[in-house]
Amino acid sequence: MLKESKTLIQNFDKHFLRKYNWRYHILIVDNHLFDKYSFFLQTFKKNEKLVYSYDLLEITHDEKLYSEILRDLKAHTQLSIEYRDTDHLVHPGKDIQLDKSHGHYGK
């Protein structure tokens, strides 16, 4: 197993607490701006809007390294994996003017 895979799994195990009424999934971002892959663990508490996101690993944009790390991660957990690509960002529809949950209180 690669040292990057070990780091990813170690960080994953530290934050994956299996709490009651919490949902977990893994997010992988193919970030073309910084030429990196980023791995996150996202957690959601039932009936809350806030998303907790934990950085697990960031690697250079190397397809072979990425595929080996992904294989090791899938062997370690069966959580669902969401992929995002910064080349295909989608605008949410309208600009956010007021969002009291995340500190956008308006003027």
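Not measured: the values here are computed from a predicted model.

> With reference to specific residues and values, describe the overall build of the protein chain.
Counting secondary structure elements, the protein chain contains two helices and four strands. For the protein chain, the succession of helices and strands along the chain, N to C, is α-β-β-β-α-β. When contacts within the protein chain are restricted to residue pairs at least 6 apart in sequence, long-range pairs at least 24 apart make up 50% of them. With the model as given, the accessible surface of the protein chain reaches about 8100 Å², and the carbon-plus-sulfur share is 51%. Taking the 17 positively charged and 16 negatively charged side chains of the protein chain as two groups, their mean positions are separated by 10 Å.

> Which residues make up the nonpolar core, and what values go with them?
F39, L41 and I59 are the most contacted members of the largest nonpolar core, which totals 19 residues. Mapped onto this core, the elements with two or more residues apiece are α1 (3-15), β1 (22-31), β2 (36-45), β3 (51-60) and α2 (63-76). Here this core takes five residues from α2, the largest share from any one element.

> Tell me about α1, residues and numbers included.
Its 13 residues place the ends of α1 19 Å apart at the C-alpha level, agreeing with the 18 Å of an ideal helix rising 1.5 Å per residue. Among the residues of α1, those classed as buried are S5, L8, I9, N11 and F12. Projected onto a plane normal to the axis of α1, the buried residues spread over an arc of 165° and lie on a single side. Opposite the packed face of α1, turned more than 90 degrees from it, sit the exposed residues K3, K6, Q10 and K14. Lining the buried residues of α1 we find β1, β2, β3 and α2.

> An account of the side chain of D30 is needed here, citing residue identities and associated values.
Its place among the elements puts D30 in strand β1. It turns out D30 is buried and unbridged, and the closest side chain with the opposite charge, K36, is 11 Å from it. Among residues more than four places away in sequence, those in contact with D30 are K36, Y37, H61, R84, D85 and T86.

> Hey, could you go over the sheet that holds β3 for me, with residue numbers and the actual values?
Overall, mixed pairing links the four strands, which are arranged β3-β2-β1-β4 in an open sheet. A strand with exactly one partner marks an edge of an open sheet, and here the two such strands are β3 and β4 (81-85). Shown here is a sheet whose adjacent strand axes are inclined to one another by a mean of 20°, direction ignored. Here β1 runs beside β2; their pairing, made up of ten bridges, is antiparallel.

Cut-off values and rules
Residues numbered from 1 in each chain as written. Predicted model: local features only at pLDDT ≥ 70, side-chain atom pairs only at ≥ 80, totals over all residues. Heavy atoms only, no water. Helix = DSSP H or I, 4+ residues; strand = E, 2+ residues; numbered from the N terminus. Contact = heavy atoms within 4.5 Å. Areas by Shrake-Rupley, 256 points an atom, 1.4 Å probe, with all protein chains shown as cover. Lys, Arg positive; Asp, Glu negative; His and termini not counted. Charge placed at Lys NZ, Arg CZ, Asp CG, Glu CD. Core = buried A, V, L, I, M, F, W, Y, C linked by side-chain atoms within 4.5 Å. Buried < 20%, exposed > 50% of the residue type's maximum accessible area, 1.4 Å probe, protein only. Expected span 1.5 Å × (residues − 1). Arc of directions from axis to C-beta. Salt bridge = Lys/Arg side-chain N within 4 Å of Asp/Glu carboxyl O. Pairing = 2+ DSSP bridges. Axes fitted to C-alpha atoms, helices over the stretch in contact; angles between N-to-C directions.

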